[in-house]
Amino acid sequence: MCMIQTLYMHAIIKFVLPRIVMTQCSFYIVMCLWSSTNAYLHGSSSSTTNTNITIITRHMKSKEAEEIGVDYYPMFDMMSFLSDLDVVIIAVPMIEFEDVVSKLPVDKLRGKLVVEVCPLNSHPKSVMLQNFGPDVDILCSNPMFGPSLSDNNESPSPVSWDGLPMIYEKVRIADMRRCDKFLSIFERERCQMVEMTAEQHDASTSDAEFVTHLTGRLLDRQLLPPTPVMSKEYAALCDVADMTAADSFDLFYGMFKYNSRAKDLLKKMRENIAKVERQLAAKEAYLAASAEMKNNDRKQLIEECKILLREVASSSNIAAKVEEKDGKPAESKITKTSQKES
């Protein structure tokens, strides 16, 4: 499953930052968080190194920043926030990405590496190329980590990223050493590093992303009540519902807006639901008709039995009347013939 921004930032803060600390990196990382969801700002990271982690967001408070072991700047102090930084990670919903990037002080980003982590990369890539000059390095990325990261918030040890895909494109990189140092965080965790263009990434994942989140929004927890015994299929549906339940609608709308095939996928989903309904109705009508036919056949058989019984009863009545008229029991022709021969 493709990583959403909130899960990704939770992973960065809780799991990546300690790993940066352990590697004794000398560069500074900053995170611009404009998302309205701050549930991912949990956990802690020890700060016993010269690596400086800085966060700016609309909703985060300084106390929360202190709890997770990072520096915090309020929104009005953007100039100080962007000073002396090497890597800037922008984590915002796609529908806000262009507006946020256009308001960043471009002169403060010169000589820095800017990383975006949207679930689709073509739009952010286009926006950054339009707004940032050649002196700003650009890296598009999509760490495709599943919901297990958020499910292990209370885990005392970092969650393994072994084999999880990390999709990225070095859109424009002047300082290759710095970019490779940032990507090495994921390489050391044995992530599956996949380099492809933003256009290739979106072509191969955008439909799956949208359908997955659409399915999760359709399958809310009211349709998936907890059960004492759970099949693998049911558990998988519950995981999808739980993952999308934590997402903002803005993130989902971004997947819709920046996917040219999203409307066709919605139409196909409606057609498939209608097809299933028609199949269920047709099967129900067939079984009802079959039962009715069997019931009619049974009634017809009963009526035929009644007619036969009436005929038998009528024959018995005629024989009885003949006996009363002759005054003696009726004898068979075989009996009479036998008497004559004697």
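Worth saying up front: this structure is predicted, and the values here are computed from it rather than measured.

The rules behind these values
- Residues numbered from 1 in each chain as written.
- Predicted model: local features only at pLDDT ≥ 70, side-chain atom pairs only at ≥ 80, totals over all residues.
- Heavy atoms only, no water.
- Helix = DSSP H or I, 4+ residues; strand = E, 2+ residues; numbered from the N terminus.
- Buried < 20%, exposed > 50% of the residue type's maximum accessible area, 1.4 Å probe, protein only.
- Contact = heavy atoms within 4.5 Å.
- Areas by Shrake-Rupley, 256 points an atom, 1.4 Å probe, with all protein chains shown as cover.
- Axes fitted to C-alpha atoms, helices over the stretch in contact; angles between N-to-C directions.
- Parallel < 35°, antiparallel > 145°, perpendicular 65-115°, else oblique.
- Nonpolar A, V, L, I, M, F, W, Y, C, P; charged D, E, K, R; others polar.
- Polar contact = N/O pair within 3.5 Å; in protein donor to acceptor, adjacent residues only side chain to side chain.
- Pairing = 2+ DSSP bridges.
- Right-handed = clockwise from strand over helix to strand, strands pointing away.

1. As for the overall build of the protein chain
If you tally the helices and strands in the protein chain, you get 13 helices and eight strands. Buried positions account for 39% of the 342 residues belonging to the protein chain. For the protein chain, the proportion of contacts with a sequence separation of at least 24, taken over those separated by at least 6, is 75%. Accessible area for the protein chain stands at about 19200 Å²; split by element, carbon and sulfur atoms hold 54% of it.

2. Regarding the packing of helix α4 (residues 94–103) against helix α6 (residues 122–131)
Between α4 and α6, the least distance of the axes is 10 Å, while the angle of their chain directions is 10°. Considered as vectors, α4 and α6 are oriented roughly parallel to each other. Across the interface between the two elements, Met 94, Phe 97, Glu 98, Val 101 and Ser 102 of α4 pack against His 123, Pro 124, Val 127, Met 128 and Asn 131 of α6. Residue classes in the contact of α4 with α6 are distributed as six nonpolar, three polar and one charged.

3. Here's the deal with unusual backbone geometry
Phi at Arg 190 is positive, roughly 65°, even though this residue is not glycine. Owing to a relative accessible area of 58%, Arg 190 belongs among the exposed residues under this scheme.

4. Brief notes about the side chain of His 123
Take His 123: it is sitting in helix α6. One polar contact links His 123 to Tyr 258, side chain to side chain, over a distance of 3.3 Å. Contacts of His 123, omitting those with residues within four sequence positions, involve Met 94, Glu 98 and Tyr 258.

5. Remarks on α6
Considered for burial, the residues of α6 that qualify are His 123, Pro 124, Lys 125, Val 127 and Met 128. Buried positions along α6 lie against α4, β5 (113–116), β6 (137–143), β7 (165–172) and α9 (198–218).

6. Some points on the pairing of β5
Side chains of β5 alternate between two faces, with Leu 113 and Val 115 and Val 114 and Glu 116 buried alike. Sheet topology places strand β4 (residues 87–91) next to β5; four bridges connect them, and they run parallel. Opposite Ile 90, over in β5, you have Glu 116 as the bridge partner. Across four bridges, the pairing between β5 and β6 is parallel. The residue bridging Val 114 from the neighbouring strand is Ile 138, located in β6. Each parallel crossover has a hand, and for β5 linked through α6 to β6 it is right-handed.

7. Focus: the side chain of Asn 121
Relative to the assigned elements, Asn 121 resides in the loop between β5 and α6. Look at Asn 121 and you get buried, because its relative accessible area is 3%. Here the side chain of Asn 121 touches Cys 118 through a polar contact of 3.2 Å, landing on its backbone oxygen. Once residues lying within four places of it in the same chain are set aside, the contact partners of Asn 121 are Glu 116, Cys 140, Ser 141, Asn 142, Ala 198, His 201 and Asp 202.

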